[in-house]
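# Structural overview
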Amino acid sequence: MDILGKILPAVIIGIVILVVLGSCVKIVPQSRAYVITRLGVFHSVWNEGLKFKLPFVDRIVKNISLKEQVVDFAPQPVITKDNVTMQIDSVVYFQITDPKLYTYGIENPMSAIENLTATTLRNLIGDLDLEQTLTSRDHINTKMRALLDEATDPWGIKVNRVELKNIMPPRDIQEAMEKQMRAERERRESVLQAQGKKESQILVAEGEQQAAILRANASKEAAILQAEGAKQASILQAEGAKQAKILDAEAEALAILKVQQATADAIRLINESSPGQGVLTIKALEAFQAAANGKATKIIIPSELQGLAGLAASAKTVFDTEDPKATITKTVPKQ
């Protein structure tokens, strides 16, 4: 019992010393920062890693996250330049860059950022009318980010982005805007339909014009081709007539030539056969009969045939059967 009574206080003291020493050893995680005070006065800021503090002297007063944080504020009532009241809620993205200023610079940083965001938003919207407010979100976001970043810099806070989440005009304004948008869409639709109809009519007119031009060109080409065809036909007809006349003339000349040749051959044959006076007289009578074919009104009788008694009787018979007005002319031989 005496040994246990002596060892137990020592064990208790050792455990207390170990607990105290263990509480003085701290491991700071990544993206975290501890604000340390010594005897109630700011001492230092611990970043990530293994850290030691003096027992009962140093104290961790703030455990701060260095990550980017997002805070979504409730909708705030704002009034535009044209006296339209609307509700706007915003989202602020910020990051703590100086843990000491964040700890000692302001008592309630989140409430301060919310109120600062609301007042800045009211100031900006008060200089814009309803239409500008609805169409200038990027401008408002950029302006608010610059103003909030400048205001929160003494608090060790950096504002990275500010976004207007919702812009909610009054119900009657929304209905009026919807009607206006509907009217604008209908107007654009009418304009597009009119433009389409105009372009369609223009295309139809151009098509008709091109068709008329093509028809005129086709008629012109057809007329030209017809004229060329008629010209070629006339030329061919004239050439044909010319060739026919030439052939007729050649045939006639050939016939005449043949007749003359036959006549010459007959005369040559007669001369070669040495005909007598009787044969010549018969040929003369045949020629005289051919001359007195009923169409001649005047007949010339060679003097060589006047002495023939039978010729007078034959001639009388011929004259009695033919034209009574025919006369006989006596050819007197040359002295």
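All of the points below concern the structure found in this document. (Residues numbered from 1 in each chain as written. Predicted model: local features only at pLDDT ≥ 70, side-chain atom pairs only at ≥ 80, totals over all residues. Heavy atoms only, no water.)

## Concerning helix α5 (residues 137–152)
Keep this limit in mind: In this text, helices come from DSSP runs of H or I with a minimum length of four residues, and strands from runs of E with a minimum of two, each type numbered from the N-terminal end. A helix's residues, less one, multiplied by 1.5 Å, set its expected span. Between buried and exposed lies partly exposed: a residue is buried under 20% and exposed over 50% of the maximum accessible area for its type, with that area taken using a 1.4 Å probe on protein chains only. Directions drawn from the helix axis to the C-beta atoms are what define this arc. We call two residues contacting when some pair of their heavy atoms lies within 4.5 Å.
The first and last C-alpha atoms of α5 sit 22 Å apart over 16 residues, in line with the 22 Å expected at 1.5 Å per residue. Every buried residue of α5 is accounted for by Ile-140, Asn-141, Met-144, Leu-148, Asp-149 and Thr-152. Projection of α5 onto a plane perpendicular to its axis shows the buried side chains occupying an angular sector of 150 degrees, all on one side. Relative to its buried face, α5 has exposed residues pointing more than 90 degrees away, namely Asp-138, His-139, Thr-142 and Glu-150. Where α5 is buried, its residues meet β8 (85–96), α3 (109–126), α4 (130–135) and β9 (157–168).

## Observations regarding the sheet that holds strand β2 (residues 32–38)
Through backbone hydrogen bonds, the strands of a sheet pair up, either in parallel or in antiparallel fashion. Operational definition: Strand pairing is defined by DSSP finding a minimum of two bridges between the two strands. Note on definitions: angles span 0 to 180 degrees between N-to-C directions of axes, and those axes are lines fitted to C-alpha atoms, for helices only across the stretch in contact.
The strand order across the open sheet formed by three strands is β3-β2-β5, and the pairing between neighbours is antiparallel. In the strand order of this sheet, the two ends are held by β3 (41–46) and β5 (58–65), each with one partner. Strand-to-strand twist across the sheet, computed as the mean angle between neighbouring axes with direction ignored, equals 25 degrees. Here β2 pairs with β3 via five bridges, running antiparallel. Counterpart to Arg-38 in the pairing with β3 is Val-41.

## Points about the packing of aromatic side chains
Aromatic ring pairs are reported here in terms of the distance separating the ring centres and the angle at which the planes meet. Note the threshold: Aromatic pairing here means that ring centres of Phe, Tyr or Trp (its six-membered ring) are within 6.5 Å. Orientation follows from the plane angle: under 30 degrees is stacked, over 60 is edge-to-face, and everything else is tilted. Think of it as a cone above the ring: NZ of Lys or CZ of Arg counts as a charge over the ring if it is within 6 Å of the ring centre and within 35 degrees of the ring normal.
Within this structure, the stated rule accounts for one aromatic pair. Arranged with centres 5.9 Å apart and planes meeting at 80 degrees, the rings of Phe-42 and Tyr-104 form a pair that is edge-to-face. Of this pair, Phe-42 sits in strand β3 while Tyr-104 sits in helix α2 (residues 99–104), and the two are 62 residues apart along the sequence. Taking NZ or CZ as reference, Arg-161 lies 4.3 Å from the ring centre of Tyr-93, over its face.

## Details of the pairing of β8
Pairing of strand β6 (residues 69–72) with β8 involves four bridges; the strand directions are antiparallel. Looking across to β8, one finds that Val-70 is bridged to Tyr-93. Linking strand β7 (residues 76–79) to β8, which pair antiparallel, is a turn of five residues; within it Asn-83 sits at a positive phi near 65 degrees.

Geometry only, nothing functional implied.
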